[in-house]
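One letter stands for each residue in the lines below.
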Amino acid sequence: MTAIQLWDALRWLERSSLAEAVRVAPFLYPLLESLHVLGIAMLVGSVVAVDLRLLGVARNVLPVTTVTRYLLPVSRIGFLLVVVTGLAMFSGIARAVAGSAAAPWKLGLIIVAGINILVFHFGVYRSVHLWDVNAATPMRARAAAIISALCWTGTIIAGRFLAY
Amino acid sequence: MAMTMEGNTTMFLKPLLMIAVIATLVIATQPPRLAFAHHSWAASDTRYAYYIAGTIIEVRWGNPHVEVRLRLDHAAVPQNWIKRPLPPGADAQDGRDTMISTRAYTGGLPELDLTLAPPDWMARWGLHRRLEVGEHIEAVGFLNVNGGDEFRPVMFWLADGQGVWQKLLPFPHRPEPAPASSH
């Protein structure tokens, strides 16, 4: 796909009835923005709490598996919410977003965060029973926690630079 | 065994960690070069206000901002410019300073992209309908600090003389008075 084809596709998206509704339907845009913020709170709030546990906070009190069992579902709902509302708002101003210098950063950081999740879950997390509670978390898990917190923080910053 | 695992991990995770750190640092340290901040005036050179007039050739009405492409007349600043009343809802100081700073646009571009307030704010400032292709408007505002064809009006006027205020947030720099011959 050439750059011009991509531009035409984005223009088509902007002219779609979905994009038109996002731009002009009464209260829809502020509602999408509000749900996007709520999704960020659920996603990043719960993720950072898990990251803190992986970094050793409350390690003598809270098993890692308890934290992940109750918080990761919240982060998944949050992620779903930000993706749906984010794509809807993107459709309204697709070309302006695509032309922004912050866009590749935001997308890139989300991809790095995603890779980090896969590496963590299919890697060191398999041995979580060995360091669930009353134990230092392995270096790999702590590194994953730092990457996670940095990526999501960076995504929020990039998102604000992207925002109209 | 533990040593080996630790070694592999470091090899695998270090690049990822570095990407994240670099990405965050780069974003955090280079705001002025990003084409951001339509919400604020940070991307506009608010020292010099320009008068433009022309015909609307494209409108994208709606949130988060109305955008209009204007084919310019390359008109001079009108007679008695300074005496023109500010639009309803205008901030007196900012409006006056912008009027005093106004000079004719001599940038040479045939068309400019105007970033305007969203519909709700348009209505609060007295415009209760869409702008349409083919309408003639006048505007005074600022160009982007990085050049290009983006123009941010502080206020604009419809063909029937109705003025519409556009400014909510503070200017990063006060508008400087235009040379005496400009008006």
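Our structure's up above, just so we're on the same page.
Residues numbered from 1 in each chain as written. Chains lettered and ligands numbered in written order. Predicted model: local features only at pLDDT ≥ 70, side-chain atom pairs only at ≥ 80, totals over all residues.

Visitor: Just to check I follow, could you spell out the overall build of chain B for this structure?
Guide: Along its length, chain B carries three helices and seven strands. Taking all 183 residues of chain B together, 33% fall into the buried category. In chain B, the proportion of contacts linking residues at least 24 apart, taken out of those at least 6 apart, comes to 75%. (Helix = DSSP H or I, 4+ residues; strand = E, 2+ residues; numbered from the N terminus. Buried ≥ 20, exposed ≤ 12 C-beta atoms within 10 Å, placed from the backbone. Contact = placed C-beta atoms within 7 Å.)

Visitor: What is the right way to read the pairing of strand β6 (residues 150-157) of chain B from this model?
Guide: Side chains on a regular strand alternate between the two faces of the sheet. Residues and elements named next belong to chain B. Of all eight residues in β6, six are buried, a share of seventy percent or more. Bridge count for strand β4 (residues 111-116) against β6 is two bridges, and the pairing is parallel. Along β6, the bridge assignment pairs D113 with E150. Linking strand β5 (residues 136-143) back to β6 in an antiparallel pair, the connection comprises six residues, with G147 at a positive phi of about 80°. Relative to strand β7 (residues 163-165), β6 runs antiparallel, the two being bridged by three bridges. Residue pairing in the sheet places F156 in a bridge with V164 of β7. (Pairing = 2+ DSSP bridges.)

Visitor: Is there a simple way to think about the packing of helix α3 (residues 28-54) of chain A against helix α4 (residues 64-92) of chain A in this case?
Guide: Residues and elements named next belong to chain A. Their axes nearest at 7 Å, the elements α3 and α4 cross at an angle of 150°. Classified by the interaxial angle, the pair formed by α3 and α4 is roughly antiparallel. Every pair of crossing elements has a handedness; the one defined by α3 and α4 is left-handed. Here the residues of the contact of α3 with α4 sort into 21 nonpolar, eight polar and one charged. (Axes fitted to C-alpha atoms, helices over the stretch in contact; angles between N-to-C directions. Parallel < 35°, antiparallel > 145°, perpendicular 65-115°, else oblique. Left-handed = near helix turned anticlockwise from the far one by under 90°. Nonpolar A, V, L, I, M, F, W, Y, C, P; charged D, E, K, R; others polar.)

Visitor: For this particular structure, what's the right way to read α4 of chain A?
Guide: A turn of α-helix holds 3.6 residues, and therefore any two residues three or four places apart point the same way. All names here are of chain A. Under the 1.5 Å per step criterion, the end-to-end length of α4 is 41 Å for 29 residues, consistent within 8% with the ideal 42 Å. Of all the bends in α4, the greatest, near 30°, is centred on L71, and the proline P73 appears no more than four residues after it. For α4, the full list of buried residues reads V64, V67, S75, G78, F79, V82, T85, G86, M89, S91 and G92. (Expected span 1.5 Å × (residues − 1). Bend = angle between axes of the 7 residues up to and from the residue.)

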